[in-house]
Amino acid sequence: MKYKGYKDQILTVDLSRGEIGRRSLDEAMVEKYIGGRGLAARILYDEIKAGAEPYSPDNRLLFITGPAAGTLVPTSARFAVGAKSPLTGTLSVGYAGGHLAPVLKYAGYDGILFKGKSPKPVYLVIDDGRVEIREAGHLWGKDTFETEEALKKELKGDFEIASIGQAGEKGVSYASIASEQHLVGRGGEGAVMGWMNLKAVAVRGTGGVRMGVDGRAGIEACFELHDTIRKNPVKAAFRDVGTTGMLIPVNDIKGQPTRNFQQTYFPAASEVSSDRMKPWFIRFESCSGCPVACGSVTRFRVEGAEIVTERIEHQSVGAFATNCGVSDLARVFQAHDLCDRFGMDTISTGVSIAFAMECFENGILTRGDCDGLELRFGNGEVLKPMVEKIARKEGIGGLLARGVRAAARELGRGSERYAMHVKGLEMPGYDPRAFFGMALNLATTSRGADHNKAFTIAAEFLGVLGDFDRFAYEGKPKLVKDMQDSTVIIDSIIMCMFTVDLGISVDLYARAVNLATGMDIGARDVYTIGERVNNLERMFNIREGVGGTEDGLPDRFAREPGSDPDGHTVDVSKMLPEYYALRGWDEKGVPTPERLRELGIEP
Ligand code: SF4
């Protein structure tokens, strides 16, 4: 491998046979796909058989890093985990920070590819070159906090851990994988890990990573990137309150999903705002090598108990507070904390509860169906028992643990109209009626309703990436395509998504790749690589029967105005033909053979 930044080794683990192997990375492959999300798309497309059941030996679980992990490139201590999602049936790759990614590189690996199912619970230990599968019966049933603590004691060393909680063990379709309260969430990668009987991965590495630009020049260039972030005016606010600072401004412009997306304004927003949270912060923590340090550790009391946990993000406030109509901040924090412990995605959990609340208020679910709970909007007392029921798949929780799409299909009786999802993935906390670019992004991303695949809010509201009329259809297909393509490089280096708002431009992302690897790419290459990865993900989904007919939003957004006095609704079908044309896809949203050839994709 002529490129630096890589260890040129993927660990392969066959859990059915208990076999451990190693394979090299392909130089041409890293030129085309870089790392992280790009490599995950390529490797999983090749590894997972068409039509594979998510819970079967035909699926795979890939932990993957980017070439910058372990270097001085800022915010690059991130890893990704990909699989065919049990929630959506699409390819799903999630990301988390913390310290695991650099340590995996220092141990000598770019990633770990799991297949098969262990006959009993196990965990994987990587201690530099020594790799072992160990029995994990004593860890099964523990939550993610308890598992990390137990393993750190047991291994008596400086190991970084990624683990699942009870939600992954039980097969909750949106179960996550946690590492120091950084969760790989959304697509149910934790449930795939649970099906494999893999409780945790523990890694210690003592080596290093060579950068493409070595010595003093490389160090100085990385420090310039750090300075760009450090001097950005947004940094202080980010460090202070993270994404929760978005709640009041987004609510004020009637863009905050409320009561299961029925409204877009939450009257009690000030009760769950960042100002209310601030007195609870006790210290700030950082992912490895990040000048922002946005992880505020929080102490609060609820039901007579004191809880210390990481600060909630805007998305969790949207899911548990505004979408469930709950203004009791301690109960919202408690629900978020429980999700982290059980290992469960907060957006999908909160939106599933909000779905059940709307069903309850419309007589589709009764108190009897809900294990005696009064599942009404605004009733914060039900959040804790509902999160517990979902994580354990008990009673009503068993239905909601499958996600709103599957739950509505089972319930019937018109409940489908309350299921807020795209391609099976629950909707995040930016209302599409208030941001037409975000509407198109949510409708078209390969993973389902993922706001981070093109954070158009930066262009449509924050004015960080241009100044777009948020209610205009014109210009949005190009904006969304460009942002979806450039985001791929962030997910592939892998850097933190928050850098989009912190002054890191497409040119600087290209520079980060070059610094880490020694490649020589520019902004045009960033877009080409991004387009290639988006097309390959599309081809994966089409192979699984998820094509253009799934590029849409729930009907509510086209028919029912939110709280905005001008009554805006959004019709994504007005933007899709131009979006498909820009992508070189046919009218059904299928990439043409010519476009695939131009991008060098051999599906
Ligand atoms: S900005 Fe926050 S989440 Fe992102 S890398 Fe830094 S500390 Fe981690």
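An account of the accompanying structure is given in this report. Because the structure is predicted, anything quoted here is derived from the model rather than measured.

## Points about the site of the ligand
1) Next: In the region of the ligand, the neighbouring residues are T75, C287, C290, V292, A293, C294, C496 and F498.
2) Next: Classifying every residue of the shell around the ligand by side-chain character gives 7 nonpolar, 1 polar and no charged.

## A short note on the pattern of salt bridges
1) Next: Inspection of the entire model under this criterion finds 49 salt bridges.
2) Next: Where D491 meets R37, a salt bridge forms, and the shortest distance between an N and an O atom there is 3.1 Å. With D491 in helix 19 (residues 476-493) and R37 in helix 2 (residues 36-47), the pair connects residues that are 454 residues apart, well separated along the chain.
3) Next: Relative accessible area serves as the criterion here: at 2%, D491 is assigned to the buried category.
4) Next: Taken together, the shared-partner salt bridges in this structure form one network comprising R37, E189, R447, D450, K453, D491 and E537.

## Remarks on the sheet that holds strand 14 (residues 295-302)
Hydrogen bonds between backbone atoms are what pair the strands of a sheet, whose relative direction is either parallel or antiparallel.
1) Next: A sheet is described by the order of its strands in space; here 3 strands give the open sequence 13-14-15, paired in antiparallel fashion. Only two strands of the sheet have a single partner each, and these edge strands are strand 13 (281-285) and strand 15 (305-310). Going across the sheet, the axis of each strand differs from the next one's by a mean of 20 degrees, ignoring polarity.
2) Next: Where strand 14 meets strand 15, 6 bridges bridge the pair, whose relative direction is antiparallel. Its bridge partner lying in strand 15, V302 is registered against A305.
3) Next: Along the sheet, helix 12 (residues 329-342) makes contact with strand 14 and strand 15, crossing strand 15 at roughly 60 degrees.

## Re a nonpolar patch on the surface
1) Next: A grouping of L72, I219 and F223 is seen on the molecular surface, where their side chains present a nonpolar patch of about 260 Å² in accessible area.
2) Next: Within the secondary structure layout, I219 lies in helix 7 (residues 215-231).

## Remarks on the environment of L576
1) Next: Along the chain, the position of L576 falls in helix 23 (residues 576-583).
2) Next: By relative accessible area, which is 11% here, L576 ends up buried.

## Looking at the sheet that holds strand 6 (residues 111-115)
1) Next: Pairing within the open sheet is mixed, and its 6 strands lie in the order 2-1-6-3-4-5. Edge positions in the sheet fall to strand 2 (19-23) and strand 5 (91-96), since each of these pairs with one other strand and no more. Across the sheet, the axes of successive neighbouring strands diverge by a mean angle of 20 degrees, strand direction being ignored.
2) Next: Bridge analysis of strand 3 (residues 61-65) against strand 6 gives 4 bridges, and the strand direction is antiparallel. Its bridge partner being in strand 6, L61 is matched across the sheet by F114.
3) Next: The sheet strands contacting helix 3 (residues 100-107) are strand 3, strand 4 (79-84) and strand 6, and the helix crosses strand 3 at an angle near 90 degrees.

## Quick notes on the packing of helix 2 against helix 19
1) Next: Contact geometry of helix 2 with helix 19 gives a least axis separation of 5 Å together with a crossing angle of 90 degrees. As judged from the angle between their axes, helix 2 and helix 19 are roughly perpendicular. From helix 2, G36, R37 and G38 reach across to helix 19, where they touch T487, V488, D491 and S492.
2) Next: Residue classes in the contact of helix 2 with helix 19 are distributed as 1 nonpolar, 4 polar and 2 charged.

## Some details on the packing of aromatic side chains
1) Next: Here the structure, examined in full by the defined rule, presents 17 aromatic pairs.
2) Next: With 6.4 Å between their ring centres and 65 degrees between their planes, Y45 and F540 make a pair best called edge-to-face. Taken together, the residues span a long stretch of sequence, with Y45 in helix 2 and F540 in helix 21 (residues 523-543) at a distance of 495 residues. Here Y45 matches F540 in class, with each residue buried.
3) Next: Taking the centre distance of 4.9 Å and the plane angle of 40 degrees together, the rings of F436 and Y473 count as tilted. In this pair, F436 is assigned in helix 17 (residues 436-444) and Y473 in the loop between helix 18 (457-460) and helix 19, connecting sequence segments 37 residues apart. Taken as a pair, F436 and Y473 share a single burial class, namely buried.
4) Next: A cation over an aromatic ring shows up here: K117 above the ring of W195, its NZ or CZ 4.8 Å from the ring centre.
5) Next: Of note, R543 hangs over the ring of Y45, and the distance from its end group to the ring centre comes to 4.1 Å.

Rules behind the numbers
Residues numbered from 1 in each chain as written. Predicted model: local features only at pLDDT ≥ 70, side-chain atom pairs only at ≥ 80, totals over all residues. Heavy atoms only, no water. Near = heavy atom within 4 Å. Nonpolar A, V, L, I, M, F, W, Y, C, P; charged D, E, K, R; others polar. Salt bridge = Lys/Arg side-chain N within 4 Å of Asp/Glu carboxyl O. Helix = DSSP H or I, 4+ residues; strand = E, 2+ residues; numbered from the N terminus. Buried < 20%, exposed > 50% of the residue type's maximum accessible area, 1.4 Å probe, protein only. Pairing = 2+ DSSP bridges. Axes fitted to C-alpha atoms, helices over the stretch in contact; angles between N-to-C directions. Contact = heavy atoms within 4.5 Å. Patch = residues over 30% accessible without salt bridge, like charges linked within 9 Å, V, L, I, M, F, W, Y side chains within 5 Å. Areas by Shrake-Rupley, 256 points an atom, 1.4 Å probe, with all protein chains shown as cover. Parallel < 35°, antiparallel > 145°, perpendicular 65-115°, else oblique. Phe/Tyr/Trp six-rings, centres within 6.5 Å; stacked < 30°, edge-to-face > 60°. Lys NZ or Arg CZ within 6 Å of the ring centre and 35° of its normal.

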